[in-house]
Amino acid sequence: MNRDVIKTISYGVMHFTVAIAVAFALTQDWRIALSVGLIEPFVQTFAYSIHERVWQRGQKTKSANEMREHLHGHIGLA
């Protein structure tokens, strides 16, 4: 099995374990802890994808502004 696949699986297991442990520490109820531990990683995955899109949009804006400043500097507008 590919090392990246193993790393992804081990991270997923760790994520579930931490989520369940934290939820149990807060609630002292295994049913709630297991529910949170199973739901939270899925929600986090969607939140991460939204975060990535926002971040990439910000990077594109930054790159466009840097290019504009660079061009203005070369033609004496800066």
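Residues numbered from 1 in each chain as written. Predicted model: local features only at pLDDT ≥ 70, side-chain atom pairs only at ≥ 80, totals over all residues. Heavy atoms only, no water.

Caption draft 1: The arrangement of the overall build of the protein in detail. The helix and strand inventory of the protein stands at two helices and zero strands. Here the protein holds 78 residues, and 10% of them are scored as buried. (Helix = DSSP H or I, 4+ residues; strand = E, 2+ residues; numbered from the N terminus. Buried < 20%, exposed > 50% of the residue type's maximum accessible area, 1.4 Å probe, protein only.)

Caption draft 2: The arrangement of a nonpolar patch on the surface in detail. On the surface, Met1, Val5, Ile6, Ile9 and Val13 cluster together into a nonpolar patch covering about 500 Å² of accessible area. With respect to the helices and strands, the residue Ile9 is situated in helix H1 (residues 3–27). (Patch = residues over 30% accessible without salt bridge, like charges linked within 9 Å, V, L, I, M, F, W, Y side chains within 5 Å. Areas by Shrake-Rupley, 256 points an atom, 1.4 Å probe, with all protein chains shown as cover. Salt bridge = Lys/Arg side-chain N within 4 Å of Asp/Glu carboxyl O.)

Caption draft 3: Here's a closer look at the layout of surface pockets. A volume near 170 Å³ is recorded for the largest pocket. The set of elements that each furnish at least two residues to the lining of the largest pocket consists of H1 and helix H2 (30–74). For the lining of the largest pocket, the element with the highest residue contribution is H2, accounting for five residues. Here the lining of the largest pocket is built from residues that sort into five nonpolar, three polar and no charged. (1 Å grid on protein atoms, 1.4 Å probe; cavity = no way out; pocket = protein on both sides within 12 Å on 5 of 7 lines; lining within 4 Å. Points joined across faces, edges and corners; volume = space filled by probe spheres on them. Nonpolar A, V, L, I, M, F, W, Y, C, P; charged D, E, K, R; others polar.)

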